[in-house]
Every structure is written in C-alpha cells, then in structure tokens.
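The lines below spell out each chain.
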Amino acid sequence: MRIVVLAGGIGGARFLRGLKQAAPDADITVIGNTGDDIHLFGLKICPDLDTVMYTLGGGINEEQGWGRTDETFAVKSELAEYGVGPEWFGLGDRDFATHIVRTQMLGAGYPLSAVTEALCARWQPGVRLLPMSDDRVETHVAVDVDGERKAVHFQEYWVRMRASVEARAVVPVGAEQAKPAPGVLEAIGAADIVLFPPSNPVVSIGTILAVPGIREAIADAGVPVVGLSPIVGDAPVRGMADKVLAAIGVEATATAVAQHYGSGLLDGWLVDTVDAAAVPDIEGAGIRARAVPLMMTDLDASAAMAREALTLAGEVSA
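Definitions and limits used
- Residues numbered from 1 in each chain as written.
- Predicted model: local features only at pLDDT ≥ 70, side-chain atom pairs only at ≥ 80, totals over all residues.
- Heavy atoms only, no water.
- Salt bridge = Lys/Arg side-chain N within 4 Å of Asp/Glu carboxyl O.
- Helix = DSSP H or I, 4+ residues; strand = E, 2+ residues; numbered from the N terminus.
- Buried < 20%, exposed > 50% of the residue type's maximum accessible area, 1.4 Å probe, protein only.
- Core = buried A, V, L, I, M, F, W, Y, C linked by side-chain atoms within 4.5 Å.
- Contact = heavy atoms within 4.5 Å.
- Polar contact = N/O pair within 3.5 Å; in protein donor to acceptor, adjacent residues only side chain to side chain.
- Pairing = 2+ DSSP bridges.
- Expected span 1.5 Å × (residues − 1).
- Arc of directions from axis to C-beta.
- Axes fitted to C-alpha atoms, helices over the stretch in contact; angles between N-to-C directions.

1. Quick look at the pattern of salt bridges
Counted by the stated rule, this structure contains 12 salt bridges. The partner of Glu-315 in a salt bridge is Arg-288, with the nearest N and O atoms 3.9 Å apart. Residue Glu-315 is found in helix α13 (residues 299-317), and its partner Arg-288 is found in strand β12 (residues 288-291); the two are separated by 27 residues along the sequence. Judged by its relative accessible area of 33%, Arg-288 is partly exposed. We note a salt bridge from Arg-290 to Glu-315, for which the minimum N-O separation is 2.7 Å. Here Arg-290, found in strand β12, pairs with Glu-315, found in helix α13; they are 25 residues apart in sequence, far enough to count as distant.

Here you go:
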C-alpha cells in the first residue's frame, strides 16, 4: 500500500508515527510544508521538515513536540551576548548543527529535496520525506500594530507575537511561482491513499496545496483522500488554527474545515466524538464522515486514529 501524507509540524509528525505503527508495511511518502521556513543567523531553518524528521527518527523533544531532545543553548546565549537576534527564536546547539549542514549544502548548489534526503540518511525516519517545493515559499501574516498594517513572517506571528493580535490575511509568498519538488507529483500519482493529518489547514496543509499542481494532482489522482479534523469541540487541538482560519473567513469548526477543503478534494473526513453531531452536515456536503476519538494522547491513540483513516479510505473507495 502506497500512502501519501501532507504534513505540517507537530500534529503531522505525531500522526505519522501512529500511521507507521498502524500500517508497518506501507510505503509512506510525506510531503512536508516549507512555508514555515525562515532564514535566521545566516541559516536556512525548516521547522516542519525537521519536526517530522526528528520525531520519526527518535530525536525530538517529546515534551515540546519540536526541537531536539537533551538540548543545550550555549550558541544562542553567545549570540545574545554579541547583541545578535532575534532572541525570540530559540535554537538549541544540536538543532544548529542540522541548519548548518543544510545551509552549506544549499550553498553548494544542492536543492532542498536532495538536502532533506541527505539529512534523513542520518535519522532514518522510515518514510520518504519530500519538501513541497525546492523553491522559496514563506508564509506571511498581515496584522495591525499601533494602527498600522504590516506583514510579518508566520514564525514571528506565532513565536514572538504568540498570535496575540488578529490575523487579517495569510499569504504564502512565492507559492504561485513555485513548482512541486521532484517526486511530489509522481508520489501522488502512484498513491493508493492520500491523507491529511490533523495539521493546520491554512498555514500547513493549505500552504502545500497552494503550490501549483499539487491540489490538482490530488483531486485528479482517483484515489481516496481522507482528512482528520484539527478542530475538536470548536477549538484547535493545539496551535492557533482558529486565528488563521478567521483570516480566510472560515469558522473554527470541524464542519467548516471540511467544507473549506471541499468535496472536490476530500472524500472522507474524521471528526472527534464530541463533534459527532456534525457528521450529517459534512456528509450533506458530499464528504463521507465518521466520529472517532481524535486526541493523540500517546502512540496507541495516534495509531488508532490512523487505522480509522485507512478504514474510511477503504469505505469511500468501495
């Protein structure tokens, strides 16, 4: 069985860990969001790709869900002593090494897809991890600060500002000119199932779908496309999906997110049991729906969610 998964950071990575347990013999290709990528300290940082790589490779800080385990912050402290910022973006010493290697390889002319493959050779995540594009795409958020509207990088909006102000617009800068990375469209075309894990539908999966050709390839693949709601009880499980959903005019409900993706893209949608009443409305929109537990409290819970997604995929393809 060949499975393609579109993934953001923590939610996507933890779901993938469950999927590997639920389908140990599956050939899994992960198309990772690179809209969160940022250049800081002279380095190219790919938070979502690294979170998937570290999580599946056994190096993630489990408590945070991002960054390395057993981390130290000597380099960050030294940079601060020199007055070099930004101080709000905390990189650990082990994490710095990954970004240094990536930046050196990119500087030598290797595309991001080849660099990601080389980094994964160390971590052995057990999946094929592809960036959505080798081209530079950065998600920016329009906000009003002191009466003035300005655009900030998504990392600044989330990490420094903690999404404390209203997002007026979300723009994946560069996406319209980007091309899918090598292997992305081929993986979708060869897939038996496409899954949308409970990642942010705007700045994670939405950004991947903004790269020309990816949404169309999924819609035309002729295979089951099943998603899992990141909204439980009208609130995001983690993160600030509600803030960025509001910016694009979508309510923070399991039903609204399913309708946002649309029946032309989604075939099946899993909602949490607390949202079971939403199932009829979702199915009325032409998307098969089921209510199951969607809280990834541990690996077994994540694996159970993955099995439910695969089961629903089998139902919609029958």
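Read on for the rest.
2. Side note on the nonpolar core
Among the nonpolar cores identified, the biggest contains 57 residues, and Leu-6, Phe-196, Ile-218 and Trp-269 are the most heavily contacted of them. Among the elements that make up this core, the one with the highest residue count is helix α11 (residues 254-261) (5 residues). Setting aside chain neighbours within four positions, we find Leu-6 in contact with Ile-31, Val-194, Leu-195, Phe-196, Pro-197, Ile-205, Ile-208, Leu-209 and Ile-218. Counting 41 residues, the second largest nonpolar core, distinct from the first, contains Val-52, Leu-112, Cys-120 and Ile-193.

3. Some points on the side chain of Thr-98
On the secondary structure map, Thr-98 appears in helix α4 (residues 93-107). Of the residues examined, Thr-98 reaches a relative accessible area of 6% and is grouped as buried. Here Tyr-54 takes part through its side chain, which lies 2.7 Å from a polar atom of the side chain of Thr-98. Beyond its immediate chain neighbours, meaning those up to four positions away, Thr-98 contacts Asp-50, Met-53, Tyr-54 and Leu-119.

4. Describing the side chain of Asn-200
By the secondary structure assignment, Asn-200 is in the loop between β9 (193-196) and α8 (205-209). Within the structure, Asn-200 has its side chain in polar contact with the backbone nitrogen of Val-203 (distance 3.1 Å). Residues within four places of Asn-200 in sequence aside, it is in contact with Ile-205, Gly-206, Met-240, Ala-241 and Val-244.

5. Considering the pairing of strand β6 (residues 138-145)
Here β6 runs beside strand β8 (residues 169-173); their pairing, made up of 5 bridges, is antiparallel. By the bridge assignment for β8, Ala-142 is matched with Ala-169. In this structure, β6 lies alongside strand β7 (residues 148-153), joined through 6 bridges in antiparallel fashion. Its bridge partner being in β7, His-140 is matched across the sheet by His-153. Connecting the antiparallel pair β6 and β7 is a turn made up of 2 residues, with Asp-146 showing a positive phi of about 55 degrees.

6. Examining helix α5 (residues 112-123)
Within an α-helix, residues lying three or four positions from one another point in the same direction, as the helix has 3.6 residues per turn. When the terminal C-alpha atoms of α5 are compared, their 17 Å separation across 12 residues agrees well with the 16 Å that a helix rising 1.5 Å per residue should span. Of all the positions in α5, only Leu-112, Ser-113, Val-115, Thr-116, Leu-119, Cys-120 and Trp-123 are classed as buried. Burial along α5 is one-sided: seen end-on, the buried residues are contained in an arc of 155 degrees. Among the structural elements, α2 (47-57), α4 and β5 (128-131) are those in contact with the buried residues of α5.

7. Brief notes about unusual backbone geometry
The omega torsion of the bond from Gly-85 to Pro-86 falls at 5 degrees, within 30 degrees of zero and hence cis. Within the secondary structure layout, Pro-86 lies in the loop between α3 (74-81) and α4. Residues other than glycine seldom take positive phi values, yet Arg-162 does so here, at roughly 55 degrees. If you trace the backbone, Arg-162 turns up in the loop between α6 (154-160) and β8. What makes Arg-162 exposed here is its relative accessible area of 52%. Here Ala-163, not a glycine, exhibits a phi torsion of approximately 50 degrees, which is positive. Among the secondary structure elements, Ala-163 is positioned in the loop between α6 and β8. Relative accessible area serves as the criterion here: at 2%, Ala-163 is assigned to the buried category.

8. Some words on the sheet that holds β6
Strand order in the open sheet formed by 3 strands is β7-β6-β8, and the pairing between neighbours is antiparallel. Looking along the sheet, the strands with just one partner apiece sit at the ends: β7 and β8. Neighbouring strand axes in the sheet, compared pairwise and without regard to direction, differ in orientation by 30 degrees on average.

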